[in-house]
Each structure stands twice: as C-alpha cells, then as structure tokens.
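Each chain is listed here by its residues.
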Amino acid sequence: PINTADYLALAAYLFKGNALKVIERYLPDPSGDQRLVVTHACTQWVFACPTRTVARKAASYSYVFSYPYDRASVRTRLGCSDHACHGDELPYAFEAFWSNLTDAGRHVSQSMA
C-alpha cells in the first residue's frame, strides 16, 4: 500500500512545480491506500499525455475496416451480423484462417496484405 504522505511526496518528486496540479487532478483516495491513484496518474503521464502531444503536432492516420468477417457462425455468436466488429480486420491483414473465408474474403485479405 501507498499511504497519502508517500503519495504527496512522490507527486512532489516526480512533478516538481506541477505537483499541486497533479494532486488536484488525482485526489488522494479517502481509504488511505493510494495505489490506484498513483497507477492512474502514472498511466496518464507515461502513455496518454505523450500520445496527445504527438497527435497534436504530427499528422496521424487511421483506417476504417468495414468488411464483415464472412463466417456466419462467428458473426451470430458475437452479435456482429451486419457490421465489422473490433478485431475483424486481423485475419485479413495477416492472411490467416483462409479456410474460413469466401473467395471475396481472400481477395480482401490479399489486397490488405
């Protein structure tokens, strides 16, 4: 466990002049154990903040994949019968599970790869 005093000292050490802003944003947990607060603040600091900085300054690209996985039993089970769901592009991008794809699906896969 991380107690409140240790959390405040850690924030002061890591964030120096911005420590008060960090503490105001990530308030100490009244339960006394600050592990979740520290984890959340550090995750934002290490991953989310740099990602936002790069996204603001650099061109970024994303793709839209809308070709639904053409294996009916999987689609029905996942509730994705009329649209592409999260991760559906992976078998196409990596040319995997071709035995489950139609000819049209294989063509999409070859085009992507």
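Parameters at a glance
- Residues numbered from 1 in each chain as written.
- Predicted model: local features only at pLDDT ≥ 70, side-chain atom pairs only at ≥ 80, totals over all residues.
- Heavy atoms only, no water.
- Buried < 20%, exposed > 50% of the residue type's maximum accessible area, 1.4 Å probe, protein only.
- Patch = residues over 30% accessible without salt bridge, like charges linked within 9 Å, V, L, I, M, F, W, Y side chains within 5 Å.
- Areas by Shrake-Rupley, 256 points an atom, 1.4 Å probe, with all protein chains shown as cover.
- Salt bridge = Lys/Arg side-chain N within 4 Å of Asp/Glu carboxyl O.
- Helix = DSSP H or I, 4+ residues; strand = E, 2+ residues; numbered from the N terminus.
- Axes fitted to C-alpha atoms, helices over the stretch in contact; angles between N-to-C directions.
- Parallel < 35°, antiparallel > 145°, perpendicular 65-115°, else oblique.
- Left-handed = near helix turned anticlockwise from the far one by under 90°.
- Contact = heavy atoms within 4.5 Å.
- Expected span 1.5 Å × (residues − 1).
- Arc of directions from axis to C-beta.
- Phe/Tyr/Trp six-rings, centres within 6.5 Å; stacked < 30°, edge-to-face > 60°.
- Core = buried A, V, L, I, M, F, W, Y, C linked by side-chain atoms within 4.5 Å.
- Polar contact = N/O pair within 3.5 Å; in protein donor to acceptor, adjacent residues only side chain to side chain.

Q: Could you clarify how one ought to interpret unusual backbone geometry in this entry?
A: Peptide bonds are, in most cases, trans, and in most cases residues other than glycine have a negative phi. Phi is positive for K16, which is not a glycine, with a value near 45 degrees. What makes K16 exposed here is its relative accessible area of 58%.

Q: What should I look at first to understand a nonpolar patch on the surface in this one?
A: Residues W45, V46 and F47 make up a contiguous nonpolar surface patch of roughly 330 Å² in combined accessible area. A residue is classified by how much of its surface remains accessible, and F47, at 56% relative accessible area, is exposed.

Q: Hey, could you run me through the side chain of E89 in this one?
A: Looking at the secondary structure, you find E89 in the loop between α4 (72-78) and α5 (90-93). Judged by relative accessible area, which is 16%, E89 ranks as buried.

Q: Looking at this model, I keep getting lost on the packing of helix α1 (residues 4-15) against helix α3 (residues 35-57). Mind explaining?
A: To characterise two packed helices, one gives the angle between the axes of the helices and the distance between these axes. Taken N-terminus to C-terminus, the directions of α1 and α3 make an angle of 15 degrees; their axes are 11 Å apart at the nearest point. By the angle between their axes, α1 is roughly parallel relative to α3. You can see that α1 and α3 cross each other, and the crossing is right-handed. Taking contact as the criterion, the partners of Y7, L10, L14 and F15 in α1 are, on α3, V37, V38 and W45.

Q: Help me understand α1 in this model?
A: When the terminal C-alpha atoms of α1 are compared, their 16 Å separation across 12 residues agrees well with the 16 Å that a helix rising 1.5 Å per residue should span. Y7, A11 and F15 are the residues of α1 that are buried. Summarising the axial view, the buried residues of α1 lie within an arc of 35 degrees, below the 170-degree limit, and thus occupy one face. Opposite its buried face, α1 presents the exposed residues A5 and Y13, each directed more than 90 degrees away. Against α2 (19-25) and α3 lie the buried residues of α1.

Q: In this structure, what is going on with the packing of aromatic side chains? I would like to understand it.
A: For any pair of aromatic rings, the description rests on two quantities: the centre-to-centre distance and the angle between the ring planes. Counted according to the given criterion, the structure contains 2 aromatic pairs. Pairing F15 with W45 gives two aromatic rings, centres 4.8 Å apart and planes at 65 degrees, and the pair type is edge-to-face. Residue F15 is found in helix α1, and its partner W45 is found in helix α3; the two are separated by 30 residues along the sequence. Accessibility expressed as a relative area gives 15% for F15, which makes it buried.

Q: Explain the nonpolar core to me, please; I cannot follow it from the model alone.
A: Side chains that are nonpolar tend, in soluble globular proteins, to be buried together. Y7, A11, F15, A19, V22, I23, Y26, V37, V38 and A41 together form the largest nonpolar core, which totals 10 residues. Listed by contribution, the elements that provide at least two residues to this core are α1, α2 and α3. Each residue touching A11, except ones within four places of it in the same chain, is listed here: K16, A19 and I23.

Q: Help me understand the side chain of S109, please; the structure alone is not making it clear to me.
A: Following the sequence through the fold, S109 ends up in helix α6 (residues 103-112). From its side chain, S109 meets the backbone oxygen of Y92 in a polar contact 2.9 Å long.

None of this, on its own, says anything about what the molecule does.
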